[in-house]
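# Analysis of the macromolecular model
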Amino acid sequence: MILVTGATGFIGRSLGRALDHAGLQWRAYGGRLSDPLALRVELQDADTVIHLAGSEARGNKRLLQTVDVEGTQRLVEEARRAGVRRLIVPSRINADPHSMHRLLRAKGEVERLVQRSNLPYTIIRTATLYGREDRFSEIILGLAIWSWPTAWVPGGGKAAMQPLWVEDYVHCVIGALDRRDMLNRTITVAGAERLRYREVVQTILRATGRRRFLFPLPMTL
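The structure reproduced in this document is the subject of the present report. (Residues numbered from 1 in each chain as written. Predicted model: local features only at pLDDT ≥ 70, side-chain atom pairs only at ≥ 80, totals over all residues. Heavy atoms only, no water.)

## Observations concerning a positive patch on the surface
Residues K158, R194, R196 and R198 make up a contiguous surface patch of positive charge. Position of R196 relative to the elements: it lies in strand β11 (residues 195-196). R196 sits in the partly exposed class, given a relative accessible area of 43%. (Patch = residues over 30% accessible without salt bridge, like charges linked within 9 Å, V, L, I, M, F, W, Y side chains within 5 Å. Areas by Shrake-Rupley, 256 points an atom, 1.4 Å probe, with all protein chains shown as cover. Salt bridge = Lys/Arg side-chain N within 4 Å of Asp/Glu carboxyl O. Lys, Arg positive; Asp, Glu negative; His and termini not counted. Charge placed at Lys NZ, Arg CZ, Asp CG, Glu CD. Helix = DSSP H or I, 4+ residues; strand = E, 2+ residues; numbered from the N terminus. Buried < 20%, exposed > 50% of the residue type's maximum accessible area, 1.4 Å probe, protein only.)

## Some thoughts on the sheet that holds strand β1 (residues 2-5)
Pairing in this open sheet of 6 strands is parallel, and the strands run β2-β1-β3-β4-β5-β10 from one edge to the other. Of all strands in the sheet, those with a lone pairing partner are β2 (26-28) and β10 (185-189), marking the two edges. Within this sheet the neighbouring strands show an average axis-to-axis angle of 20°, counted without direction. Bridging between strand β5 (residues 121-126) and β10 involves 5 bridges; their strand directions are parallel. Directly across from T122, in β10, lies its bridge partner R185. Lying on the sheet, helix α6 (residues 166-176) is in contact with β3 (48-51), β4 (86-92), β5 and β10; it crosses β5 at an angle near 165°. (Pairing = 2+ DSSP bridges. Axes fitted to C-alpha atoms, helices over the stretch in contact; angles between N-to-C directions. Contact = heavy atoms within 4.5 Å.)

## Considering the side chain of S91
With respect to the secondary-structure elements, S91 resides in strand β4. Look at S91 and you get buried, because its relative accessible area is 3%. Looking at S91, its side chain comes within polar contact range of the side chain of E111, at 2.6 Å. With sequence-adjacent residues up to four places away left out, S91 is seen in contact with K107, E111, I123, I124, R125, T126 and Y169. (Polar contact = N/O pair within 3.5 Å; in protein donor to acceptor, adjacent residues only side chain to side chain.)

## Side note on the pairing of β1
Sheet faces and side chains relate simply in a regular strand, where the side chains alternate between the two faces. Of the two faces of β1, the one holding I2 and V4 and the one holding L3 and T5 are both buried throughout. When β1 meets β2, the two strands line up parallel, connected through 3 bridges. Note on β2: the bridge partner recorded for V4 is A28. At this point the chain moves from β1, through helix α1 (residues 10-21), to the parallel β2, and the crossover so formed is right-handed. Of the strand pairs in this sheet, β1 and β3 are connected by 4 bridges, and their pairing is parallel. By the bridge assignment, T5 is partnered in β3 with H51. (Right-handed = clockwise from strand over helix to strand, strands pointing away.)

## Side note on the environment of A207
Its place among the elements puts A207 in helix α7 (residues 197-207). C-alpha of A207 to C-alpha of L52: the two residues are 155 residues apart in sequence and 29 Å apart in space.

## Let's talk about the packing of helix α3 (residues 61-82) against helix α4 (residues 102-115)
Contact geometry of α3 with α4 gives a least axis separation of 9 Å together with a crossing angle of 10°. One finds that α3 runs roughly parallel with respect to α4. Contacts between α3 and α4 involve K61, L64, Q65, D68, V69, T72 and Q73 from the first element and R102, L103, A106, K107, E109, V110, L113 and V114 from the second. Residues of the contact of α3 with α4, tallied by class, amount to 7 nonpolar, 3 polar and 5 charged. (Parallel < 35°, antiparallel > 145°, perpendicular 65-115°, else oblique. Nonpolar A, V, L, I, M, F, W, Y, C, P; charged D, E, K, R; others polar.)

Structure (structure tokens):
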């Protein structure tokens, strides 16, 4: 039995469809990570936990601490008590508990908790994910609509990216389930194409039929 936290989120919706397609037995965690009793009950028959729950979409500092870091701490404690045999956790490239970027710092703290949990784990770091109802492309499009007739490209849009389709990411997650060589490892995955940020903006504008002048902004601004 696989227990999935955050099953209604951006990654979770795609993962649920992929698990069903693969014929795997799973269920969504229905409680709060702040509720140890709910965790204890739902972890009782779980062999594997895929821990997707997080506050990245809302991402303020308080939620990153209470939901991502403290929530993972409680999950780890109860999973250890329940005898869970595998913990799979998504993370971000450049996650670091000492990062100045609050999201990367929270992800780094989550990684450290998992690595020190004494539970068999796989951490799968990813580049920016895109797909239906993502925040990545929607934010770029929203800014372009708001900033008409321009579209802002910080730093001239020169920063390189390797965005990854969310459906490809969840297949990586499922592929890790039976891979013993991925136990207690941190793996990094990204899209095959290396694109400049300005190319990503141009692709989104072209796909949505909008014309904008690309307007470079200094990164400091």
